[in-house]
Amino acid sequence: MLRIGWVLLGIWAGPVWSGACPTAAPPGLIALDGRPAPGLRLPDLDGRTVDLKAFRGRWVMVHFWASWCAPCRREMPALARAAAGFGKDIALVLVNTAETEEEAFAFLGAVAPDLPSLLDRDGSATERWQPRGLPASFFVDPGGRLRWIALGGRPWDSPAYARLLARIPAC
């Protein structure tokens, strides 16, 4: 059962903002150059293929993770709690990196059973995206361009990140 979580994302309000969109990356995010997002076409835990192109016209948070990654293990429950309140303006796409279906399923079943994930079994998609470590979250705009990356675990369910995530759809 494929359920790509829709994410209403909002951005931290502070001096880095001009209008609805940031003029500089808020704390914890690194602004990217707007190059096209690499291709991403992977199976989910049910074996159905999901293509990032299907999300054109919406913001997408592409989150790379692995169960052996200690920061990923600490972050995933916060991401699951945050995702419980997400709306439909942004899609959340989890990508498990270079693990078996059993490893990914067992981990998510224990800490985030409502979050679906894609499987990058051989790590080749992760290599194309070059996240520079795990966990990493890329924010892809409705036109398919990379706008921000969050490196390392984030408290996605904190008030500051809730505000951060709520502002992105207005950009």
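Up top you'll find the structure we're talking about.
So, here's what we can say about the structure. In this text, all values refer to a predicted model and were calculated from it rather than measured experimentally.

1. Concerning the side chain of D141
Alright, step 1. Looking at where D141 falls in the secondary structure, it is placed in the loop between β10 (136-140) and β11 (146-151).
Alright, step 2. A polar contact is formed between the side chain of D141 and the backbone nitrogen of G143, at a distance of 2.9 Å.
Alright, step 3. If we ignore the near neighbours within four places in the chain, the residues touching D141 are R58, W59 and R147.

2. Quick look at the pairing of strand β7 (residues 59-65)
Each regular strand shows side chains that alternate between the opposite faces of the sheet.
Alright, step 1. Counting buried residues in β7 gives seven out of seven residues, a clear majority hidden from the surface.
Alright, step 2. Inspection of the sheet shows β7 paired to strand β8 (residues 90-97) by seven bridges, in the parallel sense. Residue pairing across strands places F64 opposite V95, the latter belonging to β8.
Alright, step 3. Between the parallel pair β7 and β8, the chain is carried across by helix α1 (residues 70-83), and the sense of this crossover is right-handed.
Alright, step 4. One ladder, built from five bridges, connects β7 with β10; its direction is antiparallel. Residue pairing for β10: V60 is matched across the bridge by V140.

3. Things to note about the state of the cysteines
Alright, step 1. According to the stated counting rule, one finds one disulfide in the structure shown.
Alright, step 2. There is a disulfide in this structure between C69 and C72, and the S-S distance comes to 2.5 Å. Its S-S torsion of about 80° marks the bond between C69 and C72 as right-handed, since a negative value means left-handed.

4. Overview of unusual backbone geometry
Alright, step 1. Put simply, L134 and P135 share a cis peptide bond, and its omega is -10°.
Alright, step 2. Inspection of the secondary structure puts P135 in the loop between α3 (124-129) and β10.
Alright, step 3. Backbone geometry places Q130, a non-glycine residue, at a positive phi of 50°.
Alright, step 4. Overall, Q130 belongs to the exposed group, its relative accessible area being 59%.

5. Things to note about the environment of P169
Alright, step 1. Structurally, P169 is set in the segment after α4 (159-167).
Alright, step 2. In this structure P169 comes out as partly exposed when scored by relative accessible area, which is 25%.
Alright, step 3. Separated by 109 residues in the primary sequence, P169 and V60 place their C-alpha atoms 9.8 Å from one another.

Cut-offs applied
Residues numbered from 1 in each chain as written. Predicted model: local features only at pLDDT ≥ 70, side-chain atom pairs only at ≥ 80, totals over all residues. Heavy atoms only, no water. Helix = DSSP H or I, 4+ residues; strand = E, 2+ residues; numbered from the N terminus. Polar contact = N/O pair within 3.5 Å; in protein donor to acceptor, adjacent residues only side chain to side chain. Contact = heavy atoms within 4.5 Å. Buried < 20%, exposed > 50% of the residue type's maximum accessible area, 1.4 Å probe, protein only. Pairing = 2+ DSSP bridges. Right-handed = clockwise from strand over helix to strand, strands pointing away. Disulfide = S-S within 2.5 Å.

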